[in-house]
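Descriptive analysis of the structure
Residue strings, one per chain:
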Amino acid sequence: MILTGQLDSPFVRRVAIALHHYGLPFKRNVISAYDDFDALLALNPLGKVPALELEDGSVLADSTLILDYLDHLVGPEKALLPGVAALRAHLLRHMGIAIGVAEKAVEYRTETVRRPAGRIDRSRAERIQAQMAAALAWLETHTPDTGFLAGQRLTHADIASGVAVTFILNRNPEHLGNKDSFTRLRGHAARCEALDAFASAPFKEG
Ligand SMILES: N[C@@H](CCC(=O)N[C@@H](CS)C(=O)NCC(=O)O)C(=O)O
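The residue numbering used here restarts from 1 in each chain and proceeds along that chain's sequence as written. Confidence filtering applies because this is a predicted model: local features only for residues at pLDDT of at least 70, side-chain atom pairs given and counted only at 80 or more, and all residues used for totals across whole chains, interfaces and linings.

Turning our eyes to something else, we now look at the overall build of the protein. Secondary structure follows DSSP: runs of H or I at least 4 residues long count as helices, runs of E at least 2 residues long count as strands, and numbering of each begins at the N terminus. What the protein contains, in helices and strands, is eight helices and four strands. If you list the helices and strands of the protein from N to C, you get β-α-β-α-β-β-α-α-α-α-α-α. Expressed as lengths along the three principal axes of its C-alpha atoms, the size of the protein is roughly 45 × 45 × 30 Å. Relative to its full complement of 206 residues, the protein shows a buried share of 33%. Note that contacts rest on C-beta atoms placed from the backbone: two residues are in contact if these are within 7 Å. Long-range contacts, defined here as pairs at least 24 residues apart, represent 68% of the contacts in the protein between residues at least 6 apart. Using C-beta atoms placed from the backbone, we call a residue buried if 20 or more other C-beta atoms fall within 10 Å of its own, exposed if 12 or fewer do, and partly exposed for counts in between.

Structure representation (C-alpha cells):
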C-alpha cells in the first residue's frame, strides 16, 4: 500500500498511525496537497490527502473510509473500533467531534494564512473559532484524566483526538489557551504521542 500526503495533515497522520498500530507495511508518497496539486489530482480526483493506493492499484480517499477498509483488513479482534454497539456509538460520537475539530483547525488556517492579505473574511474566521471553542470544550469534558477513551485500549477516537490536539498545538496553539487550560485534552494527547504508533508517524511537514 502507498499512503499519499504529509504528516502535518491530521487526516494523513491518523491513517499512518493506524497502519503502524496494525503492523501493516506501507510506502509513503510525500507530496503536498497545495504544492503538488496536479500529481494529487491524478491520484484523487478531489485533490485532497490522504489517498491510499491498494495492492491492486485502486485508490481510496478520505481518512475515515480508509480506516474502515483497514479495520476490515485486520479483522474485528484487532480493529481500533469495538463492535459492541453502545461503546461503538460512544466512540463514534467522540471521533466525529474530534475529526470535526481537526477539519475546523485546517479550515481556520486556510481562512487566515492562505488568503492574500486584505482578503481575510474575519466573520468567517470568528465563526470557525466559535465552533472550535465549543467542540474543544465538549472534548475536554468527555476526556478522562487517565488512560484512553474506552479504558486502556487505544481506539480510532483516541487517535482522532490526539492528532487534532497535536495539530492545533503546532499550528494555532491559541485555540487551546495556556498550558493550564484543556489539561485533559493535553494530557490525553501526550499519552497518545508517547505510543510507538504515534512516534512512528510524527507530526511534520513531510
Ligand atoms: N474529510 C477528509 C479531509 C481531508 C482534508 O481536508 N485534507 C486536506 C489536508 S489536511 C486537503 O487535502 N486539503 C486540500 C484541499 O481541500 O484543497 C479526510 O478525512 O480525509
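Now that the structure has been shown, we can carry on.
Around the ligand, the neighbouring residues are Ser9, Phe11, Ala33, Gly47, Lys48, Val49, Pro50, Asp62, Ser63, Thr64 and Val106. Under the scheme applied here, ten amino acids are nonpolar (Ala, Val, Leu, Ile, Met, Phe, Trp, Tyr, Cys and Pro), four are charged (Asp, Glu, Lys and Arg), and all others, including Gly, are polar. Looking at the shell around the ligand, its residues break down into five nonpolar, four polar and two charged. Near residues are defined by distance alone, with the backbone-placed C-beta atom required to lie within 6 Å of the molecule or strand.

Boundaries between domains were set according to an automatic or database domain assignment. Partitioning the protein into domains gives domain 1 (2-74) and domain 2 (85-199). Centre-to-centre, using C-alpha coordinates, domain 1 lies 20 Å away from domain 2. The greatest single-element share of the side of domain 1 that touches domain 2, amounting to eight residues, is contributed by helix α1 (residues 10-22).

In this section: the sheet that holds strand β1 (residues 2-4). When DSSP finds two or more bridges between two strands, those strands count as paired. Strand order in this open sheet of four strands is β2-β1-β3-β4, and the pairing throughout is mixed. In this open sheet, the two strands that pair with only one neighbour each are β2 (27-29) and β4 (59-61). Taking the axes of each pair of neighbouring strands and ignoring which way they run, one obtains an average angle of 25° across the sheet. Pairing analysis gives three bridges linking β1 to β2, with the strands arranged parallel. The residue of β2 that forms the bridge with Ile2 is Lys27. For helices, the fitted axis covers only the stretch in contact; all axes are lines through C-alpha atoms, and the angles between them, taken along N-to-C directions, range from 0 to 180 degrees.

What follows covers the packing of α1 against helix α6 (residues 156-171). Across the interface, α1 lies against α6 with an axial gap of 9 Å and an inter-helix angle of 135°. The angle between α1 and α6 falls in the class oblique. As α1 runs across α6, the sense of the crossing is right-handed. For the pair α1 and α6, the contacting residues are Pro10, Arg13, Arg14, Ile17 and Ala18 in the first and Ile159, Ala160, Val163, Ala164 and Phe167 in the second. Convention used here: angles under 35 degrees read as roughly parallel, angles over 145 as roughly antiparallel, angles from 65 to 115 as roughly perpendicular, and any remaining angle as oblique. Crossing handedness is read from the near helix: turned anticlockwise from the far helix by less than a right angle, it gives a left-handed crossing, and turned clockwise, a right-handed one.

A few words on the environment of Arg122. With respect to the helices and strands, the residue Arg122 is situated in helix α5 (residues 122-141). For the pair Arg122 and Ala16, spaced 106 residues apart in sequence, the C-alpha separation works out to 34 Å.

A separate point is the environment of Asn170. Here Asn170 lies in helix α6. With 34 residues separating them along the chain, Asn170 and Lys204 place their C-alpha atoms 9.5 Å apart.

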